[in-house]
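Given next are the chains, with one letter for each unit.
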Amino acid sequence: MDFWMVLVLVAACLLHGAAAESLYSSTSDVLNLVGEAQVRETFVQSNYVWEVEFYMSSCGHCRQFAPVYNAHATDIKAWKPVARVAAVNCADEMNLAVCRTYEINGVPDVRFFPALHSNETSTGKLFCGISLKNDKDRSARALRQQLIDVIQEQHKKPAAWPEISFARENSAELLYEKNEKFGIVFEADSSHLAATLKLDLLVCPQVRVHSVTSKQAISHHSVHTLPSLLVWNGEQKSLLSKCTRDSARDLLLSLCGEVHRGVDKAVAKVNIKPQTAPSAPGVYMSDLVSALAFAVHREVTLHPVIHGASLHSLTQFLQAVHYCMPAPPEVRQYVVGLLRQLKMSRRGSPVSSVTWARMKAMQSSGSNLPHKINWVGCAGSTPSLRGYPCGLWMLFHTMTTQCALVGDGELVEDLGSDRRTLTRRRVAGVNGRWALLAIKDYIKHFFGCSDCRSHFLSMSEKLESEVVTNHDAVMWLWEKHNAVNRRLAGAATADPAHPKLQFPPSSLCSDCRSTPSFLKADDESAEPSWNKENVLAFLFRFYGPRGIHWSDDDKTWPHEPTNHDTVVLDEAIFHQSTVIPHALYYVMFCMVTWLVIMIYVRPLSWCRRVPKFKAKQHMV
């Protein structure tokens, strides 16, 4: 393995706080997989069909899907002789290489891996049932049915598997002669009920389940509704019409002297470790740096290759961060280093995950972007709530506001010797609209939560025409964020300790709302009528340089920045293109050619002249 890649992986393992919180506890029926070695040992040449969810604990839709997936794992616990359920957290740095290998471009992502498969490069069979448009596709039933299809497609069965056949029966008469307890499911060809019951009854091998789809056999047994279950207990038969999976399973298990009580499908076993968030609202530098660190060290690192539009998008986003994110000197220098290395790469050359890891590792002593994630203002009541989505919104708002100030020539950027004197500067080409477009492209190419990405891109379809001025950019992002809060208010993924209200609340900006007289001023649940001029002024104060909490212990707002130096903006980073200009290539070519002539060609020609010169001297 490449030396630098090994160094990066070792460093990631040793850094405190690199591991992300899992959505599934150790007592869950979902097996948590961590690291390439465990994943390889689990999947390759396994005796089981594996169903694996790739997710990010920071993704809201992953948290929404977690109870469904957890309930599904508990529901099919009886299938363990043939199938197992696992999960891989792509937000954990130990799993970044795993998620790259399996080409995880959006989460949540469920894959199926057949038993005995030996292809380590196989990315598995993709589950297509996760959709925002149709909630029933998120149900455990959709997962169960596709898992059944994978099991049925298993041609070479492991020797450790119990005897199980999914063949349909044409007639039920011969079954009575075998003197055994059984159940006959009369169903349509497209039904999965019999196959499901066969797997459910692996814990009760003495009771067989058969499937009959023949219309003649169904009519012969006077079955008028499908599906129906005929049960033979060895002495007499009984018919259960219009049966469900639960009713049929309980009846069949009763023949074994067992009753399946079912599971609670509404609750996921999630690690819950309370943590305290600061009472003072505001933008904390720790949240901005943590959001950037998560994006650079985890989201971008998930991509096996960065090239073309995604490479251009990454460069533009880092440029926007460089110009528009107020940050400690070491963080800003780190971003500058990444940009320079990206620009030094050959024109059009893709950046592999190994190259990206090397770029991140080869930084100067004065630059650093910590791997440790430390949420302060974005800390949730549990580790799986808020966090990265909150931090990313904070980062986007701050960048858009700061870039708008740059475009207006009002950016407070450099601190003077007294650490309170502020220098204003204007940079050509940098403005709020430019930052917003860079943010949109980053979401498009790198944001991990696939449903969140789709929603944001849908909202920003007309961004270019809707945003013209710097003020438009600031207000556009504020309006869209409030629209997201309205849509997610009261959702299962919301933090009850931090309800999603319309921002800003009256407690932060009393003159931002034009509240009708018949509503109370503090009625935050009412649809507000905004005084947008006051809102804009508030946003510039809140997300501007003076509104940032540079210290985690600083709970006041607003305040003056103190005890922090910033590095001078490297304007060459912005004004140079991402590749070396053609003219510079031409100059370099001419210089190299001239050097070759001076070093090699002229000495050779001089040597050829020397004998002639000596010969003339001799003649004289």
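What counts, and where the lines are drawn
Residues numbered from 1 in each chain as written. Predicted model: local features only at pLDDT ≥ 70, side-chain atom pairs only at ≥ 80, totals over all residues. Heavy atoms only, no water. Disulfide = S-S within 2.5 Å. Helix = DSSP H or I, 4+ residues; strand = E, 2+ residues; numbered from the N terminus. Core = buried A, V, L, I, M, F, W, Y, C linked by side-chain atoms within 4.5 Å. Buried < 20%, exposed > 50% of the residue type's maximum accessible area, 1.4 Å probe, protein only. Contact = heavy atoms within 4.5 Å. Pairing = 2+ DSSP bridges. Axes fitted to C-alpha atoms, helices over the stretch in contact; angles between N-to-C directions.

Mind laying out the state of the cysteines, listing which residues take part and the relevant values?
Within this structure, the stated rule accounts for five disulfides. Residue pairing for Cys204: its cysteine sulfur links by disulfide to Cys256, the two sulfurs lying 1.3 Å apart. Where Cys204 bonds to Cys256 through sulfur, the torsion about that S-S bond is close to -60°, and the disulfide is left-handed. Taken as a pair, Cys204 in the loop between helix H6 (193-200) and strand S8 (207-212) and Cys256 in the loop between helix H8 (245-254) and strand S11 (283-284) lie far apart in primary sequence, 52 residues in all. The disulfide that involves Cys509 links it to Cys512, with 1.8 Å between the sulfurs. A torsion of 80° about the S-S bond marks the disulfide between Cys509 and Cys512 as right-handed. Taking only the cysteines that form disulfides and numbering them from first to last, the chain has the pattern 1-2, 3-4, 5-8, 6-7, 9-10.

Before we move on, could you go through the nonpolar core and cite the residues and values that matter?
Judged by nonpolar contacts, the single largest core of 134 residues is most densely connected at Phe54, Ile151, Leu199, Met325, Trp356, Tyr388 and Met399. Among the elements that take part in this core, helix H13 (residues 388-407) stands out by supplying 12 residues, more than any other. Once you skip the residues sitting within four places of it in the chain, Phe54 turns out to touch Val88, Cys90, Val98, Cys99, Tyr102, Ile104, Val107, Pro108, Asp109 and Arg111.

Before we move on, could you go through the sheet that holds strand S10 (residues 237-240) and cite the residues and values that matter?
Neighbouring strands of a sheet are bound in pairs by backbone hydrogen bonds; such pairs are parallel or else antiparallel. On the basis of which strands lie adjacent, the open sheet formed by five strands has the order S6-S8-S7-S9-S10 and mixed pairing. Since the sheet does not close on itself, it has two edges, and those belong to strand S6 (168-169) and S10, each with one partner. Inspection of the sheet shows strand S9 (residues 228-232) paired to S10 by four bridges, in the antiparallel sense. Counterpart to Val231 in the pairing with S10 is Ser238. Docked against the sheet, H6 engages strand S7 (181-186) and S8, running at close to 170° with respect to S8.

Break down the sheet that holds strand S3 (residues 83-89) for me, citing the residues and quoting the values.
Reading across the sheet, the five strands line up as S1-S3-S2-S4-S5 and stay open at both edges, with mixed pairing between neighbours. The open sheet has two edge strands, strand S1 (31-33) and strand S5 (125-126), and neither has a second partner. Alignment of S1 against S3, held across three bridges, turns out to be parallel. If you follow Asn32 over to S3, its bridge partner there is Ala87. Contacts between helix H2 (residues 36-43) and the sheet are confined to S1, strand S2 (49-55), S3 and strand S4 (109-113), with S1 contributing the most and set at about 130° to the helix. Contacting S2, S3 and S4, helix H3 (residues 60-75) crosses the sheet at an angle of about 160° to S2.

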